[in-house]
Amino acid sequence: MIVGGGSAGWMAAASLAKAMTGGGYTIDLVESEEIGTVGVGEATIPSILDFNRSLEIDEAEFIRATQASFKLAIEFVDWTRPGFSYMHPFGFYGVQMSGIYFHHFWLRHQAQGGTLPYDAFCSNIIAARAGKFGRTSTADKLPVPPLGYAYHFDAGLYAAFLRKFSEALGVKRHEGRVVDVALRATDGFIESIKLADGRIIAGDLFIDCSGFRGLLIEQTLHAGYEDWSEFLPCDRAMAVPCERIVATTPYTRSTAREAGWQWRIPLQHRTGNGYVYCSSFLGDDEAATLLAGRLDGAALNTPRPLRFVTGRRKEVWKKNCVALGLASGFLEPLESTSIHLVLASIARLLFMFPGDGFDQASIDKFNSLARTETEEIRDFLVLHYTATERNDTPFWRHCQAIKRPDTLVQRLEMFERSANIVVSTGELFREPSWFAVLMGQGIRPKSYHPIADILPDAELARRFELMSDDVRKRVQAYPLHDEFIREHCAAPPLPERAA
Ligand SMILES: Cc1cc2nc3c(=O)[nH]c(=O)nc-3n(C[C@H](O)[C@H](O)[C@H](O)COP(=O)(O)OP(=O)(O)OC[C@H]3O[C@@H](n4cnc5c(N)ncnc54)[C@H](O)[C@@H]3O)c2cc1C
């Protein structure tokens, strides 16, 4: 039984239905049109491709149905200091050599007076800045890896697409508002839910996708919430779509503002925008006015306010209830990680799916994996706010004073001392991501790996030329992003739909 029909609910329904068809399971999903969904969540990261592959979804069909565009990177504007921007790409810099990461060789190049920027070795960044996209190219036999990418899509259309997919596989949707939850007297497990019209639906496993309210996991089972506002102070967002008036950039833009930051997510039919801010430093009305004045095109709605508390549910699996999506916690959308966390939790749930009863050891493991995963992402986000030269507003002065989690302090010390970036096996953000943001936010290591010094000067120069040339040739062969969409996956216009 799934409670909630936002992205999380329908992603869970689609995945479970796909994996369990023929197994004699019944999957019910309850959602309430009256309550609605959060309606944002439009930028993804590359793991969405694996999720879609696991469902055997045709990419072009998916893109057309969700008005999607391709995303190669996130551009961070004014985060380090006003007037400076950098890219966090979904691809690699150069290639690994002698068993160590490329960036050590680049640091040597720079220490010896070399002038090639590290961006010149990353196809994703060069393509993003040129507004290009492609999956293959005439230069494809060259050594630098092809583009890594994700999507921007319309959150409402995404849920609708997955609903159609899930219902075709037998998922039963119930329209209605859950007003009561019955617990088993013997052990406090959830037995059934009651809808406003009196219908009672029983189940064995309950998946709470009810959004911030955490109807089952919190309001019923009181799992508890760990508040991370001390690390990540933003607690509000204003969201508004606007008309699309320029070329569709193949990247998300995040622009630091006086009390937070603004997102810009280009889709085929419109552009999504939002201002994520901290209520101690900016009022809602002021945020709405500032956002409305900073759009590419005419607003298609009035700005919609959203409130949240950054943090995580202490137990995301409790008794026979697993929380997914906003019901499980929320890390602000700076690195577009929420939808990824949904699909990663679904994969874990399928992997550890309860058969004959519930096993506490598996539940504990599930919870500890989820905890580590969110802590690692939290640290990555905190890096953006705390490694900055900005002290021009009270908000940024507050950010500079944030006490970093110990785990982040250790990472920073390692990078500053020796340029080492060590990521754990299942960690979401890998070495190129940390390198991009550490360097982008202005952190410079004092040294680099000793192996990088072994390669003779002439050989290093030859390889650097080869790699940067490869990146240039590869990107030259790609079409413009809009041309690619037009040719392969243009969505039909939606004139009657404003948001
Ligand atoms: C400002 C902001 C920006 C974001 N940007 C991104 C982004 O760029 N990328 C990203 O990956 N994620 C982003 N997210 C997160 C993303 O929106 C969510 O993770 C995703 O939409 C999943 O939401 P959900 O399904 O958990 O909750 P919701 O969309 O809130 O859905 C909850 C569902 O539960 C139902 N429900 C609730 N109570 C009841 C009840 N009593 N009875 C019946 N049904 C009920 C509702 O009707 C609804 O169907 C963002 C979030 C915010 C707040």
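That block above? That's the structure.
Conventions used here
- Residues numbered from 1 in each chain as written.
- Predicted model: local features only at pLDDT ≥ 70, side-chain atom pairs only at ≥ 80, totals over all residues.
- Heavy atoms only, no water.
- Axes fitted to C-alpha atoms, helices over the stretch in contact; angles between N-to-C directions.
- Helix = DSSP H or I, 4+ residues; strand = E, 2+ residues; numbered from the N terminus.
- Parallel < 35°, antiparallel > 145°, perpendicular 65-115°, else oblique.
- Contact = heavy atoms within 4.5 Å.
- Nonpolar A, V, L, I, M, F, W, Y, C, P; charged D, E, K, R; others polar.
- 1 Å grid on protein atoms, 1.4 Å probe; cavity = no way out; pocket = protein on both sides within 12 Å on 5 of 7 lines; lining within 4 Å.
- Points joined across faces, edges and corners; volume = space filled by probe spheres on them.
- Pairing = 2+ DSSP bridges.
- Phe/Tyr/Trp six-rings, centres within 6.5 Å; stacked < 30°, edge-to-face > 60°.
- Buried < 20%, exposed > 50% of the residue type's maximum accessible area, 1.4 Å probe, protein only.
- Lys NZ or Arg CZ within 6 Å of the ring centre and 35° of its normal.

Asks: If you had to explain the packing of helix 3 (residues 59-66) against helix 6 (residues 155-168) to someone new, which residues and values would you point to?
Replies: Close contact between helix 3 and helix 6 brings their axes to 8 Å; oriented N to C, the two are set at 130°. On the basis of the axis angle, helix 3 is oblique to helix 6. Between helix 3, through Glu61, Phe62, Ala65 and Thr66, and helix 6, the contact on the second element is made entirely by Leu157, Tyr158 and Phe161. Split by residue class, the contact of helix 3 with helix 6 holds five nonpolar, one polar and one charged.

Asks: Report on empty space enclosed by the protein, specifying residues and quantitative values.
Replies: The full count for this structure, using the stated rule, is four cavities of 30 Å³ or more. Here the largest cavity defines a volume of roughly 40 Å³. Considering the residues around the largest cavity, the lining is formed by Arg411, Met414, Phe415, Asn420, Ile421, Val422, Trp434 and Leu438. Of all elements in the fold, only helix 11 (406-418) and helix 12 (431-440) reach the threshold of two or more residues within the lining of the largest cavity. With three residues, the top contributor of residues to the lining of the largest cavity is helix 11. Here the lining of the largest cavity is composed, by residue class, of six nonpolar, one polar and one charged.

Asks: Could you give an account of the pairing of strand 9 (residues 190-195), with specific residues and numbers?
Replies: The pairing of strand 8 (residues 178-183) with strand 9 spans five bridges and is antiparallel. Paired with Leu183 across the two strands is Ile190, which belongs to strand 9. Connecting the antiparallel pair strand 8 and strand 9 is a turn made up of six residues, with Gly188 showing a positive phi of about 75°. The pairing of strand 9 with strand 10 (residues 200-202) spans three bridges and is classified as antiparallel. Paired with Ile193 across the strands is Ile201, a residue of strand 10. Once strand 9 ends, the chain turns through four residues before running back antiparallel as strand 10, passing Gly198 with a positive phi of about 100°.

Asks: Break down the packing of aromatic side chains for me, citing the residues and quoting the values.
Replies: Taken as a whole and judged by the stated rule, the model has 37 aromatic pairs. Look at Phe189 and Phe358: their rings are 5.7 Å apart centre to centre, the planes differ by 70°, and that puts the pair in the edge-to-face class. One end of the pair, Phe189, is in the loop between strand 8 and strand 9; the other, Phe358, is in the loop between helix 8 (338-351) and helix 9 (360-386), with 169 residues separating them in the sequence. Of the residues examined, Phe189 reaches a relative accessible area of 15% and is grouped as buried. For Phe358, a relative accessible area of 30% corresponds to the partly exposed category. With a centroid separation of 6.2 Å and 25° between ring planes, the pair formed by Tyr385 and Trp396 is classed as stacked. Taken together, the residues span a long stretch of sequence, with Tyr385 in helix 9 and Trp396 in helix 10 (residues 394-400) at a distance of eleven residues. For the pair Tyr385 and Trp396, a shared accessibility class is recorded, and that class is buried. Here the aromatic residues Phe62, Phe70, Phe133, Tyr149, Tyr151, Phe153, Tyr158, Phe161 and Phe484 are joined through ring pairs into a cluster of three or more. Against the face of Trp228 rests Arg378, its NZ or CZ located 4.7 Å from the ring centre.

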